[in-house]
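Report on the structure
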Amino acid sequence: MDSLMTVWSGLNAGRRAIVVLATIAMFVTVFALSRGATKQDMSLLYAGLEERAAGDVITALEQQGVAYDVRGSGIYVPTVQRDQLRMTLAGQGLPANSSQGYELLDSLTGFGTTSQMFDAAYWRAKEGELARTILTSPYVRSARVHISTPTNRPFQREDRPTASVTVSTGSGTLSPAQANALRYLVASSVSGLAPENVAVIDGEGGLIGGSDEGNQPGGQALSEELQARAERLLAARVGYGNAVVEVSVETVTEQESIVERLIDPDSRVAISTEVEERSNTSNDSRGGDVTVASNLPTGDAAGGGGTSTSEDSETRSLTNYEVSETSREVLRNPGAVRRMTVAVLVNNATVTDDDGNLVSEPRDEEELLALQELVASAVGLDETRGDEITVRSMAFEAPEVLGTEAVEPGGLPLDMMSLIQIGVLALVALILGLFVVRPILSPRKAAALPAPDMGNQMGALDQNALPSPDDRDPRVIDGEAVPEGDPVTRLRKMIDERQDETIQILQSWVEDPDGKEHA
């Protein structure tokens, strides 16, 4: 401690401030690095849990003495314990699902349970089981199912059960195909429930369209199918990732019903013939002219006269023919392709120039025409319908890689960042020990500083006290034998004998290392 105070007193104000600031900075750096190195690597255990379920998980972690950290809706635990904790908590039934299934029926007994109570418990259990099934999907974070069934009214047969499904996804919204699958799942579990009577509601996207939208052959689903087909074909020629295809399909949105009846008059065939003949004969005995007197009994009619006879015959023929007739009824639903446009972008070809360097050049027109024909055949392009296709060759820009690569966790408890922090901590501790602590604790090393002229400083010693070169034996100092020709040992012995004078000389060297005062 005396040596340390002596060195400290030999420093000026500027150097003392530098030493204090350097020491504080060293301790702050060591403290920060030590905290970062000793901090445990935390990983996500559960996220998006309900408040009650999250509280049960935290209580279980506290009982087991496991360190945890709550960040928003996520619970983080040490990485090395994450998998084991998931298995342990699952064995304890945690996190508990808020929706209960058929276990609700286990608490019902035959005494005191009415039919209405049993029906209510049964539908609650049905809703809970459906919610559990929906939660098995990795895209769904939470789900609720509500089923509405008509009451037992025999005279209201038109009432049909309905249902609604409310889901929250981890990221994004449900696609029409996924919503349609949920409709069929719920409809298949409830007797008499039709898929179109099930409403699917997404927490972010709102109401998902009806089931007919997911079954339409055109639209987005057809565009994605044709795009994947064309890109798979182009990848065989230009390589994977060197071609981008965009397909735009314009579909029919209205519904149309056409009834058509065609008759061919030239294709008649006689199937039956009916012939009808009529013959009529009449006789008239009166003759002459008809007068008034001939109508009187005593007139000309009373006497005899001539007789007239008339015959009438008629023939009819009816022939029935069968004529060819075609009846057709056409029902056109929405989704038919009205027009299609295809755009294909192909990456330039990489070739070697005369200098041996790799350069990018556009592909020739012959190759682009061949690719255009292949894509047109793959997507079913119809020019009479007004379809168009465009193929271009351009250089692709390398996209910037975002994020970090997913790495499988290893068996070591420390990651690379922790190892780097420990290495920096060890380096700082080594520098602190060699260049700060050691010089302070070893004041005798101050002689290693640049020293002024030895001749001028040695004059401060008492020359009479030193033995003359003629009177002393170089091999004996104060009665002790020293190795011959070892001046360092002799100097050390003299310093031990005259410590006060030596300290004064060293202090003068520290204050004036250039030796200007003794020049």
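Heads up: these notes are all about the structure in this document. Just so you know, these numbers come straight off a predicted model, no measurement behind them.

The N-to-C vectors of helix H3 (residues 51–64) and helix H4 (residues 79–91) enclose an angle of 115°; their axes lie 11 Å apart at closest approach. Comparing their axes, H4 and H3 come out roughly perpendicular. Of the two possible hands of crossing, H3 and H4 adopt the one that is right-handed. Seen from H3, the contacting residues are Val57, Ala60, Leu61 and Gln64; seen from H4, they are Leu85, Thr88 and Leu89. Among the residues forming the contact of H3 with H4, the class breakdown is five nonpolar, two polar and no charged.

This next bit is on the packing of helix H8 (residues 220–238) against helix H9 (residues 365–379). At a minimum axis distance of 9 Å, the contact between H8 and H9 shows a crossing angle of 145°. Regarding H8 and H9, the two cross each other, and that crossing is right-handed. Taken together, the residues of H9 that come into contact with H8 (itself represented by Leu226, Arg229, Ala230, Leu233, Leu234, Arg237 and Val238) are Glu367, Leu371, Leu374, Val375, Ala378 and Val379. In terms of residue class, the contact of H8 with H9 is made up of ten nonpolar, no polar and three charged.

The next thing to look at is the environment of Val346. Tracing the backbone through its elements, the reader meets Val346 in strand E11 (residues 337–347). Relative accessible area serves as the criterion here: at 1%, Val346 is assigned to the buried category. A C-alpha to C-alpha distance of 5.9 Å links Val346 and Asn242, two positions 104 residues apart in sequence. Residues contacting Val346, with those up to four places away along its chain left out, are Val238, Asn242, Ala243, Arg363, Leu371, Val391, Arg392, Ser393, Met394 and Phe396.

To continue, consider the side chain of Asn347. With respect to the element layout, Asn347 can be found in strand E11. Within polar-contact distance, the side chain of Asn347 engages the backbone nitrogen of Phe396 at 3.0 Å. For Asn347, the contacting residues outside a window of four places in its chain are Asn242, Arg363, Ser393, Met394, Ala395 and Phe396.

Once that is clear, we can look at H9. Look at H9: 21 Å from first C-alpha to last across 15 residues, which is about the 21 Å you get at 1.5 Å a residue. Among the structural elements, H8, E11 and strand E14 (388–394) are those in contact with the buried residues of H9. One or two steps after H9, the chain reaches Gly380, where phi turns positive at roughly 75°.

Ranked by internal contacts, the top residues of the largest apolar core, which has 21 residues, are Leu234, Met340, Val342, Val344, Val375 and Val379. Looking at this core, the elements with two or more residues in it are H8, strand E8 (243–251), E11, H9 and E14. Met340 has contacts with Leu226, Val247, Ser248, Val249, Val379, Leu381, Arg385, Asp387 and Glu388, leaving out every residue within four places of it along the chain. In terms of nonpolar packing, the next biggest core, distinct from the first, is built from 20 residues, Val145, Val165, Ala179 and Leu182 among them.

Note on sheets: strands pair through backbone hydrogen bonds, and any given pair is parallel or antiparallel. Across the sheet, which stays open at both edges, the three strands sit in the order E8-E11-E14 with mixed pairing between neighbours. In this open sheet, the two strands that pair with only one neighbour each are E8 and E14. Pairwise comparison of adjacent strand axes, ignoring direction, gives a mean angle of 10° for this sheet. Here seven bridges tie E11 to E14, and the two strands are oriented parallel to one another. Bridging from a neighbouring strand, Val346 pairs with Ser393 of E14.

Turning next to the sheet that holds strand E1 (residues 42–47). Taken together, three strands build an open sheet; the order of strands is E1-E3-E2 and the sheet is antiparallel. Sheet topology places E1 and strand E2 (69–71) at the edges, where each strand pairs with a single neighbour. Within this sheet the neighbouring strands show an average axis-to-axis angle of 35°, counted without direction. Here five bridges tie E1 to strand E3 (residues 74–78), and the two strands are oriented antiparallel to one another. Opposite Met42, over in E3, you have Pro78 as the bridge partner.

The next thing to look at is helix H6 (residues 176–189). Compared with an ideal rise of 1.5 Å per residue, which puts 14 residues at 20 Å, H6 spans 20 Å between its outermost C-alpha atoms and is within 8% of the ideal. Along H6, the residues that are buried comprise Ala179, Asn180, Leu182, Arg183, Val186 and Ala187. For H6, the angular spread of the buried residues around the axis is 155°, confining them to a single face. Opposite the buried face of H6, at more than 90 degrees from it, the exposed residues are Ala177 and Ser188.

Cut-offs used in this document
Residues numbered from 1 in each chain as written. Predicted model: local features only at pLDDT ≥ 70, side-chain atom pairs only at ≥ 80, totals over all residues. Heavy atoms only, no water. Axes fitted to C-alpha atoms, helices over the stretch in contact; angles between N-to-C directions. Helix = DSSP H or I, 4+ residues; strand = E, 2+ residues; numbered from the N terminus. Parallel < 35°, antiparallel > 145°, perpendicular 65-115°, else oblique. Left-handed = near helix turned anticlockwise from the far one by under 90°. Contact = heavy atoms within 4.5 Å. Nonpolar A, V, L, I, M, F, W, Y, C, P; charged D, E, K, R; others polar. Buried < 20%, exposed > 50% of the residue type's maximum accessible area, 1.4 Å probe, protein only. Polar contact = N/O pair within 3.5 Å; in protein donor to acceptor, adjacent residues only side chain to side chain. Expected span 1.5 Å × (residues − 1). Core = buried A, V, L, I, M, F, W, Y, C linked by side-chain atoms within 4.5 Å. Pairing = 2+ DSSP bridges. Arc of directions from axis to C-beta.

Nothing here speaks to function; it is all geometry.
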